[in-house]
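# Structure assessment
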Amino acid sequence: AALAGSHPAETALSQFALPGRVALITGGHRGIGLEIALALAEAGANVYCLDLPPTPDSDWLKVQAHAASLAQSQRAQGNLLVAGKLEYVSGDVTDQKKVWDIAEEIAKKEGRLDICVANAGILRSAECLEYPAEEFRKLIDINVSGALFSAQAAGRQMERLGIPGSIILIASMSGSMTNKDQHWVAYNTSKAAVIQMARSLSCELGVKGIRVNSVSPGYIYTQMTRNFLSKNDGLDADWSSQNPLGRLGRPDELRGVVLWLAGDGSTFCTGSDIIVDGGHRAW
Ligand code: NDP
């Protein structure tokens, strides 16, 4: 009876559709963040990317144009689901006031804020006994404080507007495992903190109807990993051999899980860490 009159495919797809929703994503100019920003916009959300200023070779401008032309052709075809807009907002996730202000401006302009993806992050390696204090603090500030400030910024607006929003923190499989010879003590520590942050926030914000989850990708081929791989011969093959699928992941392979967490298909999911690692930890 519950299904009477509804088309199953339509019902299933609507769990991933985000028409009229508004999203804030950090670090959306390239890599995983860019794919997630595009996916959210393609699902109908208006997406704001909080990022450092784009470089001339950034894919960002191309992507913004792509979203606009996609929406135009969908409207022309009379599609029910039309891509949302993608807008860039300049900011640094370590600046708490700035991040809060940006979320407030978006919520005032759009009248809502439904989704936040705290994705901005950096990776640096240094031997644990030599790790320079400033480098360590900088990484923790971007990866951990930045994730908290972004979640706070969105959570404050969701609470103010009474929106049952979804906050997604991009963690890493490095938050719960490590690998020999990587010297990623700061990075691994930061991502363990992010997984626990999502759990803690889910308890505090769940009572307000706001969900918080983390996503832990395995090795994904982006600028971040390319920088590391280029300095270590043979590592590409080594990493690929560490999961049963025998390869690194692509940034677009994070789209589905984030769309699911952002939308109505996951309304009873909070405090979870969703692992997308090609089976790395099962191998
Ligand atoms: P990239 O280095 O390709 O992209 C990171 C993005 O974050 C860039 O847009 C960067 O901006 C932005 N950023 C960095 N610092 C700041 C800051 N202070 N304020 C605002 N934006 C900032 O990385 P990935 O796409 O690979 O990684 C995205 C997330 O996924 C990170 O949190 C990473 O730790 C995580 N992850 C990645 C994995 C992988 O294998 N690639 C695996 C597991 C997790 P700019 O372009 O200006 O530098």
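In the block above lies the structure referred to throughout.
Quick summary incoming for the structure in this document. On a predicted model such as this, the values are computed, not experimentally measured, just so you know. (Residues numbered from 1 in each chain as written. Predicted model: local features only at pLDDT ≥ 70, side-chain atom pairs only at ≥ 80, totals over all residues. Heavy atoms only, no water.)

### Focus on the overall build of the protein
Selection rule: Only runs of H or I of at least four residues qualify as helices and only runs of E of at least two qualify as strands under DSSP, and these elements are numbered from the N terminus. For this measure, only C-alpha atoms enter the radius of gyration; the expected value for a globule follows 2.2 Å times N^0.38, where N is the number of residues. Burial here depends on accessible area, computed with a 1.4 Å probe over protein chains only, as a share of the maximum for the residue type. Under 20% is buried, over 50% is exposed, and the range in between is partly exposed. Contact between two residues is taken to exist if any of their heavy atoms lie within 4.5 Å; hydrogens are not considered. In this description, accessible areas are obtained by the Shrake-Rupley approach with a 1.4 Å probe, and a residue is regarded as covered only by the protein chains that are shown.
Along its length, the protein carries nine helices and seven strands. Taking 2.2 N^0.38 as the reference for a compact globule, 283 residues should give roughly 19 Å; the C-alpha atoms of the protein span a radius of gyration of 19 Å, in line with that estimate. A principal-axis box enclosing the C-alpha atoms of the protein has dimensions of 60 × 45 × 40 Å. A total of 283 residues make up the protein; the buried ones form 48% of that total. Look at the contacts in the protein between residues 6 or more apart in sequence, and 75% of them connect residues 24 or more apart. When the accessible area of the protein is evaluated, it comes to approximately 13,700 Å², of which 56% is carbon and sulfur surface.

### Concerning the site of the ligand
In plain terms, the rule: Each residue is tested against the molecule or strand, and it is near if at least one of its non-hydrogen atoms lies within 4 Å. Whenever two N or O atoms come within 3.5 Å, that pair is a polar contact, provided that in protein one can donate a hydrogen and the other can accept it, and provided that, for residues adjacent in sequence, both atoms are side-chain atoms.
Taken together, 27 residues surround the ligand, and among them R30, N119, Y187, I220 and T222 come closest. A distance of 3.5 Å is found between an oxygen atom of the ligand and a backbone nitrogen or oxygen belonging to G218. In this structure, an oxygen atom belonging to the ligand sits 2.5 Å away from a side-chain N or O atom of T222. In isolation the ligand has 900 Å² of accessible area, and contact with the protein removes 92% of it. Elements supplying a minimum of two residues to the shell around the ligand: α2 (31–42), α6 (185–206) and α7 (223–229). Among the elements that make up the shell around the ligand, the one with the highest residue count is α7 (three residues).

### Here we look at the sheet that holds strand β6 (residues 211–217)
As a reminder of what qualifies: At least two DSSP bridges between two strands are needed for those strands to be called paired. Only C-alpha atoms enter the line fits that serve as axes; for helices the fit covers just the stretch in contact. Angles between N-to-C directions range over 0 to 180 degrees.
Judged by pairing direction, the sheet is parallel, and its seven strands sit side by side in the order β3-β2-β1-β4-β5-β6-β7 without closing on themselves. Each having just a single partner strand, β3 (86–90) and β7 (273–276) make up the two edges of the open sheet. Between one strand and the next, the sheet's axes are offset by a mean angle of 20°, whatever the strand orientation. Here helix α3 (residues 60–76) sits on the sheet in contact with β2 (46–51) and β3, set at roughly 145° to β3. Contacting β5 (166–170), β6 and β7, α6 crosses the sheet at an angle of about 160° to β6.

### Brief notes about the environment of D236
Mapped onto the secondary structure, D236 falls in helix α8 (residues 235–240). Note on D236: relative accessible area 32%, which makes it partly exposed. If we ignore the near neighbours within four places in the chain, the residues touching D236 are Y221, L229 and L248.

### Quick word on the nonpolar core
Here is the rule: Buried Ala, Val, Leu, Ile, Met, Phe, Trp, Tyr and Cys residues form a nonpolar core when they are joined through side-chain atoms within 4.5 Å.
L113, I167, L169 and W239 are the most contacted members of the largest nonpolar core, which totals 48 residues. In this structure, I167 is in contact with C116, A151, A154, G155, M158, L205, I210, R211, V212 and N213, ignoring residues within four places of it in sequence.

### Focus: the side chain of T26
Residue position: T26 is located in strand β1 (residues 22–26). For T26, the side chain forms a polar contact with the main-chain nitrogen of N119, separated by 2.9 Å. The residues contacting T26, other than those within four sequence positions of it, are L50, V93, V117, A118, N119, A120 and S150.

### Let's talk about the layout of surface pockets
Rules: Using only the protein atoms, space was sampled on a 1 Å grid; points where a 1.4 Å probe fits but cannot get out form cavities, open sets with protein on both sides within 12 Å along at least five of seven lines form pockets, and lining residues are those with an atom within 4 Å of a point. Grid points are joined across faces, edges and corners, and a volume is the space filled by probe spheres set on the points. Ten residues, namely Ala, Val, Leu, Ile, Met, Phe, Trp, Tyr, Cys and Pro, are considered nonpolar, four, namely Asp, Glu, Lys and Arg, are considered charged, and the remaining ones, Gly among them, are considered polar.
The volume enclosed by the second largest pocket comes to roughly 300 Å³. The element best represented in the lining of the second largest pocket is helix α1 (residues 8–14), accounting for three residues. Of the residues contributing to the lining of the second largest pocket, the split by class is seven nonpolar, one polar and two charged.

### Quick look at empty space enclosed by the protein
Empty space among the atoms becomes apparent when a probe as large as a water molecule is rolled across them. With the rule as written, the count across this model stands at two cavities of 30 Å³ or more. Empty space within the largest cavity amounts to approximately 50 Å³. Lining the largest cavity are T26, V93, A118, A120, I142, N143, G146, A147, I170, K191 and V194. When residues of the lining of the largest cavity are traced back to their parent elements, those giving at least two are α5 (133–161) and α6. For the lining of the largest cavity, the leading source of residues is α5, giving four residues. There is about 40 Å³ of room inside the second largest cavity. Every residue along the wall of the second largest cavity is listed here: M173, S174, M177, T178, N179, Q182, W184, N188 and Y219.

### Remarks on the packing of α2 against α3
Heads up, the rule is: The labels follow the angle: roughly parallel below 35 degrees, roughly antiparallel above 145, roughly perpendicular from 65 to 115, and oblique for the rest. Helix crossings get a hand from a simple test, with the near helix turned counterclockwise from the far one by less than a right angle marking a left-handed crossing and a clockwise turn marking a right-handed one.
Two numbers describe how α2 lies on α3: the axes approach to 10 Å, and their chain directions differ by 15°. One finds that α2 runs roughly parallel with respect to α3. Here the hand of the crossing between α2 and α3 comes out right-handed. Contacts between α2 and α3 pair L34, L38 and E42 from the former with W60, V63, H66 and L70 from the latter.

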